[in-house]
Amino acid sequence: MMNNDEEISLLSAEIELLKDELNKKCALLKKKQKQSLTKLDINRYSRQIILPEIGVEGQKKLKTASVLIIGVGGLGCPSSMYLASAGVGTIGLVDYDEVELSNLHRQLLHAQCNVGMRKVESGKLSLNRMNEDVNIVVHDVQLDGHNSLDIFKQYDVIIDASDNLVTRYIINDTCVKAGKPLVSGSAIHCDGQLTVYNYKGSVCFRCLHPKPQSPETVGNCASAGVLGPVPGVIGVLQAMETIKIIVDHQNVLKNSLLLYDGRDCEFKKIKLTNVKRNGCICTKNPDDITITMDYEEFCGSKANDKFKTLNLLKENERITVLDLNELVSKKNPFLMIDVRRKVEYDMCHLPFSINIQLSDLKSKETRSKLIEKINSFSNMTPYLITICRRGNDSQRAVDELKKYTEIKDNVKCIKDVIGGLYEWSMQVDKNFPIY
Ligand SMILES: Nc1ncnc2c1ncn2[C@@H]1O[C@H](COP(=O)(O)OP(=O)(O)OP(=O)(O)O)[C@@H](O)[C@H]1O
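Note that the structure is predicted; figures quoted are calculated from it, not measured.

(A) Fine view of the overall build of the chain. Helix and strand counts for the chain come out as 17 helices and 13 strands. Taking 2.2 N^0.38 as the reference for a compact globule, 435 residues should give roughly 22 Å; the C-alpha atoms of the chain span a radius of gyration of 29 Å, well beyond that estimate. Reported as C-alpha extents along the three principal axes, the dimensions of the chain are approximately 115 × 60 × 45 Å. Relative to its 435 residues, the chain shows a buried fraction of 46%.

This is how it looks when you write it as structure tokens:
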């Protein structure tokens, strides 16, 4: 005979066993449900399911697939929108930044009311508004060689929608180590590029670019500009190649590079080598690949395209925006040269500045005109002050102007404005446009 306590503990053990069994059944049912299409799925995705390229099996593959997108910017917005709408089960978003007003002309996931919000959160909100069945996972981090592998392991396909060389190498190396296909895109001005690396034996980014380009030759949207539809086109094509990878389509864009020229509406496909570069990391055993190198040192640039400050001049060769404001209010004689490009000067400038582009300072003719301006101050010797958007080119301009005695000897001093027009708009005139 069992006493009451023994009977209770036996029953409890039985309950635990039953619970375990029920949980297992539940998980199995959920998995089956994930792998099968519901009535709503069929309704929602019918227009693509009927395509021979997709079919029921393809749609099931999309439903169980997971895609990681690095960068929720110009490329990441369109690619994630099309993937979420196509019914990709899980989409991971990586971005360390927040939504800015200057993003909105091309980053259509982000609404005006979300300026200032974390990009991954704004992205998740919009994507789930489009399709609430998609599981959006946010990674609010700056991707680096220390966190990338753990994140990449959770996904089937990786999309590079970033905007800098350092991140491109980190993404490539992690894809190679983790054995993940990489859908790579880029867009600047009116030009875009697209290719798929590390897919079914294809080459990797390092096979083609064993050494990084010099930082000066790599532009970004903030400094070089971009027309919104260009990353739109490339981002949508990234989504297309990703879908093709997931459904195992034959003609994925590997070993070829697609070039898009928006000016002439021209697409060109150029063949890349299909032979991996001798000694490239993609020819090594994944266990022997290290991804914790100093990528920023390797590339000579930063893992984000946020502003880098140059320290070219001595402290006494620079003034603050507050000093400048004082010069203006005290009506001290000064000549201010705005050294940005004409198009930027036309966008906005200080009323008391003249525009001479940095590269033009080398021209003798330009300098003669400048000397004329300096001499027009009659018997007052003016300060010569340079300014630009953020205070780097203005330092380069001072450095250049110092070389010419005919200028140096006719002014009180040559100085630049620390932080440029950005600081002016932050500290002096809140109505001055920031861009
Ligand atoms: N290492 C990284 N980790 C996380 N996010 C990154 C990394 N590198 C780049 N990104 C993100 O990739 C996105 C690239 O988007 P895009 O090229 O449109 O530039 P942007 O920074 O949004 O805009 P702009 O250059 O005009 O200021 C950005 O949101 C940026 O924050």
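(B) Here's a closer look at the sheet that holds strand β1 (residues 66-70). Ordered in space as β3-β2-β1-β4-β5-β6-β7-β8, the eight strands form an open sheet in which the pairing is mixed. The open sheet has two edge strands with one neighbour each: β3 (135-139) and β8 (266-271). Ignoring strand direction, the axes of neighbouring strands in this sheet form an average angle of 15°. With five bridges connecting them, β1 and strand β2 (residues 90-94) associate as parallel partners. Counterpart to isoleucine 70 in the pairing with β2 is valine 94. Strands in contact with helix α4 (residues 76-86) are β1, β2 and β4 (157-160); relative to β1, the strand with the most contacts, it is inclined by about 165°. Against the sheet, helix α7 (residues 165-178) touches β1, β4 and β5 (182-188), its axis set at about 170° to β5.

(C) Spotlight on the environment of serine 102. Turning to its location among the elements, serine 102 is positioned in the loop between β2 and α5 (119-130). Under the relative-accessibility criterion, serine 102 is labelled partly exposed at 44%. Along the backbone, serine 102 and lysine 211 are 109 residues apart, and their C-alpha atoms lie at a distance of 32 Å.

(D) Representation of the site of the ligand within the structure. Taken together, 24 residues sit near the ligand, with Gly74, Asp95, Arg106, Lys119 and Leu143 positioned nearest. In the environment of the ligand, an oxygen atom lies 2.9 Å from a nitrogen or oxygen atom belonging to the side chain of arginine 106. Measuring from an oxygen atom of the ligand, one finds a side-chain N or O atom of aspartate 163 at 3.3 Å. For the ligand, whose accessible area on its own is 630 Å², the fraction buried by protein is 95%. Of the residues assigned to the shell around the ligand, the class counts are eight nonpolar, nine polar and seven charged.

(E) View of helix α15 (residues 393-401). Residues of α15 that are buried include every one of Ser394, Gln395, Ala397, Val398, Glu400 and Leu401, and no others. Elements that come into contact with the buried residues of α15 comprise β9 (318-319), β10 (334-338), α14 (364-375), β12 (383-387), α16 (405-408) and β13 (414-417).

(F) Quick look at the packing of aromatic side chains. Tallying each qualifying case throughout the model produces six aromatic pairs. Here tyrosine 169 and phenylalanine 298 contribute two aromatic rings whose centre-to-centre distance is 5.1 Å and whose plane-to-plane angle is 85°, an arrangement assigned as edge-to-face. With tyrosine 169 in helix α7 and phenylalanine 298 in helix α11 (residues 295-299), the pair connects residues that are 129 residues apart, well separated along the chain. Measuring from ring centre to ring centre gives 5.6 Å for phenylalanine 334 and phenylalanine 352, while their planes differ by 80°; the resulting arrangement is edge-to-face. Of this pair, phenylalanine 334 sits in strand β10 while phenylalanine 352 sits in the loop between α13 (342-347) and β11 (353-355), and the two are 18 residues apart along the sequence. Through successive ring pairs, a cluster of aromatic residues spans Tyr169, Tyr197, Phe205 and Phe298.

(G) Representation of unusual backbone geometry in the model. One non-glycine residue, asparagine 255, lies in the positive phi region at around 60°. Note on placement: asparagine 255 falls in the loop between α10 (229-246) and β7 (256-261). The class of asparagine 255 is buried, set by a relative accessible area of 12%. Within the chain, lysine 331 stands out as a residue other than glycine whose phi angle is a positive 55°. Mapping lysine 331 onto the fold places it in the loop between α12 (321-329) and β10. Classification of lysine 331 by relative accessible area gives exposed; the value is 74%.

(H) Geometry of the nonpolar core. Core analysis: the largest hydrophobic core is formed by 40 residues, its most contacted members being Val67, Ile69, Leu83, Ile91 and Leu93. It is α10 that contributes the most residues to this core, six residues altogether. Discounting chain neighbours no more than four positions away, the residues touching isoleucine 69 are Gly76, Ser79, Ser80, Leu83, Ile91, Gly92, Leu93, Val94, Ile159 and Ala161. Core analysis: the next-biggest nonpolar cluster, separate from the first, contains 30 residues, Tyr155, Leu182, Tyr197 and Val203 among them.

(I) Inspection of the sheet that holds β11 at higher detail. Read from one edge of the open sheet, five strands run β9-β13-β12-β10-β11, paired in parallel fashion. One side of each edge strand has no neighbouring strand; the edge strands of this open sheet are β9 and β11. In this sheet, β13 lies alongside β9 in parallel orientation, the contact comprising two bridges. Each bridged residue has a counterpart across the sheet, and for isoleucine 319 the counterpart in β13 is valine 417.

(J) Structural context of the state of the cysteines. Applying the stated criterion across every chain, the model contains zero disulfides. Free of any disulfide, cysteine 282 has its nearest neighbouring cysteine sulfur in cysteine 207, separated by 3.3 Å. In this structure cysteine 299 is not part of a disulfide, and its nearest cysteine sulfur, from cysteine 204, lies 14 Å away. For cysteine 299, a relative accessible area of 3% puts it in the buried group.

(K) How the structure looks around the pairing of β13. Here β12 runs beside β13; their pairing, made up of three bridges, is parallel. The partner of isoleucine 385 across the bridge, within β13, is lysine 415.

(L) Looking closely at the pattern of salt bridges. Summed over all chains, the structure comprises 24 salt bridges. The shortest N-O distance in the salt bridge between aspartate 399 and lysine 402 comes to 3.7 Å. Judged by its relative accessible area of 33%, aspartate 399 is partly exposed. Lysine 403 is the partner of glutamate 400 in a salt bridge, and the nearest nitrogen-oxygen pair spans 2.8 Å. Glutamate 400 gets classed as buried once you look at its relative accessible area, which sits at 7%. Using a relative accessible area of 53% as the deciding quantity, one classes lysine 403 as exposed. Linked by salt bridges that have partners in common, Glu98, Arg118 and Asp140 make up one network.

So, how was this worked out
- Residues numbered from 1 in each chain as written.
- Predicted model: local features only at pLDDT ≥ 70, side-chain atom pairs only at ≥ 80, totals over all residues.
- Heavy atoms only, no water.
- Helix = DSSP H or I, 4+ residues; strand = E, 2+ residues; numbered from the N terminus.
- Rg over C-alpha atoms; globule rule 2.2 N^0.38 Å.
- Buried < 20%, exposed > 50% of the residue type's maximum accessible area, 1.4 Å probe, protein only.
- Pairing = 2+ DSSP bridges.
- Axes fitted to C-alpha atoms, helices over the stretch in contact; angles between N-to-C directions.
- Contact = heavy atoms within 4.5 Å.
- Near = heavy atom within 4 Å.
- Polar contact = N/O pair within 3.5 Å; in protein donor to acceptor, adjacent residues only side chain to side chain.
- Areas by Shrake-Rupley, 256 points an atom, 1.4 Å probe, with all protein chains shown as cover.
- Nonpolar A, V, L, I, M, F, W, Y, C, P; charged D, E, K, R; others polar.
- Phe/Tyr/Trp six-rings, centres within 6.5 Å; stacked < 30°, edge-to-face > 60°.
- Core = buried A, V, L, I, M, F, W, Y, C linked by side-chain atoms within 4.5 Å.
- Disulfide = S-S within 2.5 Å.
- Salt bridge = Lys/Arg side-chain N within 4 Å of Asp/Glu carboxyl O.

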